[in-house]
Amino acid sequence: MKKVAVFGRPGSGKSTLSKALASASGLPLYALDSLVYQANGERVARAIFDEAHAGILASERWIIEGFGPLAAFHQRLETADTLVYVDLPYLASYWFVTKRLLKGLFVKPEGWPEGSSVLKGTLESYKVLRLSPAFWNEAFLSRLKTLSTGKTLHVINSVAELDHFVREHFR
């Protein structure tokens, strides 16, 4: 496990899992939100993102957490040796997004892009969740299984699996 792509819907626990994986493995962690957004909360120019993303992919060791532009997501799937798809039930994802908002009213969520509104981000997460079944579905999982030939694929389907993942793979 040297190049790990962690992905899934908003509010699926990707960031928390990725931090734990980075801590347990010693792999450097790159959160896509920090590459996609400037310190003021605005999106970076696509060329700047692409250059930073390509530089990370070319390095020997990494964990990249998040989705980002579709072309970059596909590049990560091809380059990674380990794919971690967090596919929690939708109600769990909606709850985690809501919980992040409630906590964010008092303290900026850990890893949240500087200058980005937690309320605006939450509304965007709800929108993406509502549209997610068109992408994160059985057809996607089938394509993912085909793409993962020669790689290690982990599909996390429950909060319990999410909570135990790092312990099970880094004893």
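Every value quoted in this text rests on a predicted model; they were computed, and no experiment measured them.

Enquirer: What is the right way to read the sheet that holds strand 1 (residues 3–8) from this model?
Expert: Two orientations exist for strands paired in a sheet by backbone hydrogen bonds: parallel and antiparallel. Strand order in the open sheet formed by five strands is 2-3-1-4-5, and the pairing between neighbours is parallel. The sheet is open, and its two borders are formed by strand 2 (29–31) and strand 5 (152–156), each paired with just one other strand. Geometrically, the sheet is characterised by an average inter-axis angle of 15° between neighbouring strands, direction not taken into account. Note: strand 4 (residues 82–86) against strand 5, five bridges, orientation parallel. Opposite Val84, over in strand 5, you have His154 as the bridge partner. Sitting on the sheet, helix 1 (residues 14–25) is in contact with strand 1, strand 2, strand 3 (62–65), strand 4 and strand 5, with an inclination near 170° to strand 3. Strands in contact with helix 3 (residues 46–58) are strand 1, strand 2 and strand 3; relative to strand 3, the strand with the most contacts, it is inclined by about 140°.

Enquirer: Explain the nonpolar core to me, please; I cannot follow it from the model alone.
Expert: Across soluble globular proteins, nonpolar side chains show a tendency to be buried alongside one another. Counting 21 residues, the largest nonpolar core has Phe7, Phe49, Leu83, Tyr85, Phe140 and Leu144 as the members making the most contacts within it. When residues of this core are traced back to their parent elements, those giving at least two are strand 1, helix 2 (32–36), helix 3, strand 3, helix 4 (70–79), strand 4 and helix 7 (138–147). When sequence neighbours within four positions are dropped, the list of residues in contact with Phe49 reads Leu32, Leu35, Val36, Val44, Pro69 and Ala72.

Enquirer: Which parts of the structure should I look at to understand the pattern of salt bridges?
Expert: Where charged atoms from two side chains of opposite charge approach closely, those side chains can pair. A full pass over the atoms with the stated rule returns two salt bridges. Asp87 is the partner of Arg9 in a salt bridge, and the nearest nitrogen-oxygen pair spans 3.0 Å. One end of the pair, Arg9, is in the loop between strand 1 and helix 1; the other, Asp87, is in the loop between strand 4 and helix 5 (90–104), with 78 residues separating them in the sequence. The pair Arg9 / Asp87 is uniform in exposure class, with both members buried. Among the salt bridges present, the one from Asp50 reaches Arg46, with a minimum N-O distance of 2.9 Å.

Enquirer: I keep staring at the packing of helix 3 against helix 4 and nothing clicks. Help me out?
Expert: When two helices pack together, their arrangement is given by the angle between the helix axes and the distance between those axes. Between helix 3 and helix 4, the least distance of the axes is 11 Å, while the angle of their chain directions is 5°. Put simply, helix 3 runs roughly parallel to helix 4. Across the interface between the two elements, Arg46, Phe49, His53 and Leu57 of helix 3 pack against Ala71, Ala72, Gln75, Arg76 and Thr79 of helix 4. Here the residues of the contact of helix 3 with helix 4 are counted per class, giving four nonpolar, three polar and two charged.

Enquirer: Whenever I open this one, helix 3 confuses me. Can you help?
Expert: Each α-helix turn comprises 3.6 residues. Residues three or four places apart therefore point the same way. Taking 1.5 Å as the rise per residue, helix 3 with 13 residues should run 18 Å; its terminal C-alpha atoms sit 18 Å apart, in good agreement. For helix 3, the complete set of buried residues consists of Phe49, His53, Ile56 and Leu57. All buried residues of helix 3 fall inside an arc of 100° around its axis, so they share one side. Of the exposed residues in helix 3, the ones pointing more than 90 degrees away from its buried face are Ala47, Ile48, Glu51 and Ala58. Here the buried face of helix 3 lies against strand 1, strand 2, helix 2, strand 3 and helix 4.

Enquirer: Can you help me understand the packing of aromatic side chains in this one?
Expert: Each aromatic ring pair is summarised here by two numbers: the centre-to-centre distance and the angle between the ring planes. All told, the structure shown has 16 aromatic pairs when counted by the stated rule. Ring centres of Phe67 and Phe135 lie 5.4 Å apart, and the angle between their planes is 80°; this geometry places the pair in the edge-to-face category. Highlighted residues: Phe67 in the loop between strand 3 and helix 4 and Phe135 in the loop between helix 6 (118–131) and helix 7, separated in sequence by 68 residues. Its relative accessible area of 24% is what places Phe67 among the partly exposed residues.

Calculation criteria
- Residue indices follow the written sequence of each chain, beginning from 1 at its first position.
- Per-residue local features of the predicted model are confined to residues with pLDDT of at least 70, and side-chain atom pairs are confined, for both listing and counting, to 80 or more; whole-chain, interface and lining totals are unaffected and use all residues.
- Working from all heavy atoms in the structure, the side-chain values ignore hydrogens and water.
- Pairing between two strands is assigned when DSSP locates at least 2 bridges connecting them.
- Secondary structure follows DSSP: runs of H or I at least 4 residues long count as helices, runs of E at least 2 residues long count as strands, and numbering of each begins at the N terminus.
- Here the axes come from fitting lines to C-alpha atoms, over the contacting stretch only for helices, and the angles between their N-to-C directions go from 0 to 180 degrees.
- Only heavy atoms enter the contact rule, under which two residues are in contact if any of them lie within 4.5 Å.
- Throughout this description, the term nonpolar core refers to a set of buried Ala, Val, Leu, Ile, Met, Phe, Trp, Tyr and Cys residues connected via side-chain atoms within 4.5 Å.
- Only protein chains enter the accessibility calculation, which uses a 1.4 Å probe. A residue is then buried if its area is under 20% of the maximum for its type, exposed if over 50%, and partly exposed in between.
- The term salt bridge refers to a side-chain nitrogen of Lys or Arg lying within 4 Å of a carboxyl oxygen of Asp or Glu.
- Roughly parallel means an angle under 35 degrees; roughly antiparallel means over 145; roughly perpendicular covers 65 to 115; every other angle is labelled oblique.
- Note that Gly is not counted as nonpolar here; it falls among the polar residues with everything else outside the nonpolar set of Ala, Val, Leu, Ile, Met, Phe, Trp, Tyr, Cys and Pro and the charged set of Asp, Glu, Lys and Arg.
- The span you would expect from a helix comes to 1.5 Å times its residue count less one.
- Arc definition: directions from the helix axis to the C-beta atoms.
- Stacked, tilted and edge-to-face are the three classes assigned to paired rings of Phe, Tyr and Trp, where Trp is represented by its six-membered ring and a pair needs centres within 6.5 Å; plane angles under 30 degrees give stacked, over 60 edge-to-face, the rest tilted.

Scope: geometric values only; no functional claims are made or implied.
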